[in-house]
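Below are the chains, spelled out letter by letter.
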Amino acid sequence: MNNLFTHKLSLVLMASIVAWLASSCSSDSFKIDGNVEGLGTQNVHIIYQGDNGAVDNIMPTHENEIRVKCHSSRLTVVTVMDMRGQIIARFAASNGDHISFTGHIDHLDAIKVSGNDVTDEWMEFREANASLYNRQPNPELDAAIEKYVKANPKRVSSTLLLLYDHGNLLDNDKAALLSIITPEARPDYLIASVEWLAKFYSTSTTKVLHTLNLCGSSGDFEALVIDSQPSLLYFWGKRNEDRRNVINDINALRTDQPQVMVADILLDADTIGWSVTSRTAGATWKHYWVPGGVMDNALKDLRIPTTPYFVATDSTGKIVYRGADLRTAVTSLK
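Described below are features of the structure shown in this document.

Quick notes on the rules
Residues numbered from 1 in each chain as written. Predicted model: local features only at pLDDT ≥ 70, side-chain atom pairs only at ≥ 80, totals over all residues. Heavy atoms only, no water. Helix = DSSP H or I, 4+ residues; strand = E, 2+ residues; numbered from the N terminus. Contact = heavy atoms within 4.5 Å. Core = buried A, V, L, I, M, F, W, Y, C linked by side-chain atoms within 4.5 Å. Buried < 20%, exposed > 50% of the residue type's maximum accessible area, 1.4 Å probe, protein only. Pairing = 2+ DSSP bridges. Axes fitted to C-alpha atoms, helices over the stretch in contact; angles between N-to-C directions.

It is worth spelling out the overall build of the protein at this point. When helices and strands are counted, the protein shows nine helices and 15 strands. Counting contacts in the protein only where the partners sit at least 6 residues apart, residues at least 24 apart contribute 61% of the total.

The next subject is the nonpolar core. Buried together is how nonpolar side chains tend to be arranged in soluble globular proteins. Core analysis: the biggest nonpolar cluster contains 48 residues, and Val80, Phe91 and Phe101 have the highest contact counts within it. If near-sequence neighbours (up to four positions away) are discounted, Val80 is found in contact with Val44, His45, Ile46, Ile66, Gln86, Ile87, Ile88, Ala89, Phe91 and Phe101. Counting residues in each nonpolar core, the second largest holds 21 residues, with Leu253, Val262, Leu326 and Leu333 among its members.

Among the five residues of strand β15 (residues 319-323), four are classified as buried, and the element is accordingly described as predominantly covered. Inspection of the sheet shows strand β14 (residues 309-313) paired to β15 by four bridges, in the antiparallel sense. What sits directly across from Ala312, in β15, is Tyr321. Turn length for the β14-β15 hairpin, with the two strands adjacent in sequence and antiparallel, is five residues, and the turn residue Gly317 shows positive phi of about 95°.

Let us now look at the sheet that holds strand β5 (residues 76-82). Read from one edge of the open sheet, four strands run β3-β2-β5-β6, paired in antiparallel fashion. Looking at which strands have only one partner, the edges of the open sheet turn out to be β3 (53-60) and β6 (87-93). With direction set aside, neighbouring strand axes in the sheet form an average angle of 15°. The pairing of β5 with β6 spans six bridges and is classified as antiparallel. Among the inter-strand pairings, Val78 is bridged to a residue of β6, identified as Phe91. Strands in contact with helix α2 (residues 117-128) are β5 and β6; relative to β6, the strand with the most contacts, it is inclined by about 135°.

In C-alpha cells:
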C-alpha cells in the first residue's frame with residue numbers, strides 16, 4: 001500500500017515538474033531583476049522592440065531595485081536608462097529569459113549582466129576589452145570586434161557587437177561584416193529591430209529648435225536662442241565620459257568654424273560645482289543644466305537616449321544631426 005502511494009506521489013510530482021518546465025519554456029514574458037547601488041528610488045526607461053512595436057516604458061525603482069516583466073517572442077535588445085539618459089544596462093532577451101544585473105551607479109561601465117548565452121557572450125567580450133570602451137569611436141575597439149566576428153561567425157553576440165559597439169559603421173562596411181556571420185546568428189528580425197528603433201527615435205523627435213529654456217551658470221533660467229546661427233548642443237554627464245577629449249575636439253571646431261554657437265547641457269541631478277566643472281579643460285562656451293534630465297519639459301521632445309550626445313542645427317534651427325558621434329556632428333555643420 002505504501003509503495004503504491006509513494007509511486008502515485010512520484011508520478012504526481014513528476015507531472016507537476018514537467019508542467020512547470022513547459023510553462024517556463026512557453027512563457028509570454030521575460031523578467032528583469034536589477035540591483036544598482038546608489039540608484040535609490042526613481043524612474044527608469046525600459047526601451048526595446050517588442051512584438052507590437054517600439055516599447056519605451058517609464059518604470060519605478062525602489063531602494064536600488066528594478067523588477068519588471070517585458071514581452072517579446074523573438075530575441076530583442078533591451079536598454080535600461082535612468083532619467084538622466086545614462087545607460088544602466090543593455091542586453092538581449094526574449095520570452096522565457098530571466099535577466100539579472102548588479103553594480104553601482106557610479107561605475108556603470110562595470111555593471112554585471114547575465115541571463116542567457118547571447119548576453120553572457122556579449123558581456124564577456126565587453127569585460128575582456130573594458131579598457132577599449134573608455135573612448136568611442138575607438139579604432140582599436142573596432143579592430144577587436146572585427147577579429148571576434150571573424151572568429152565567431154555562429155554567435156549572435158557577433159551581430160550585437162557590430163550593431164551596438166562598433167564605431168560608426170558605414171552601410172557598405174556593415175553589410176560586409178554582417179555577411180561573415182551565419183544567417184542563424186544574424187536574424188533579420190534582430191537587425192530590423194535595431195534599425196527600426198533608431199528610425200523611431202530619429203523620426204519622432206522634434207525637427208526644428210528655436211529656443212530652449214534652461215538653467216544658466218548664473219543659477220537663473222534663461223532662453224538659449226538656437227535659430228539665429230549654426231549651433232552645436234553637447235549633452236553630457238559627469239560619470240560616463242572623457243570630457244577633456246570632447247572639449248578639445250569642439251575647440252578645434254570653433255577655430256575652424258567660429259560662426260557656430262556651442263553650448264553644453266549637463267543632465268546630472270547633482271549640480272554641486274557644476275559651473276566650475278563645465279568650464280574645466282578650456283570649455284569656454286555657454287553652460288546649462290536641466291533639473292529633470294532627459295525627461296525635463298525643455299528636452300523631452302529631443303528624445304535624448306544617452307550621454308554624451310550631440311545635436312547640430314543650421315542657421316534656421318533645423319536639426320541636421322543628432323547622435324553620439326561628435327565628428328559626424330561637426331561634419332554636418334560644414
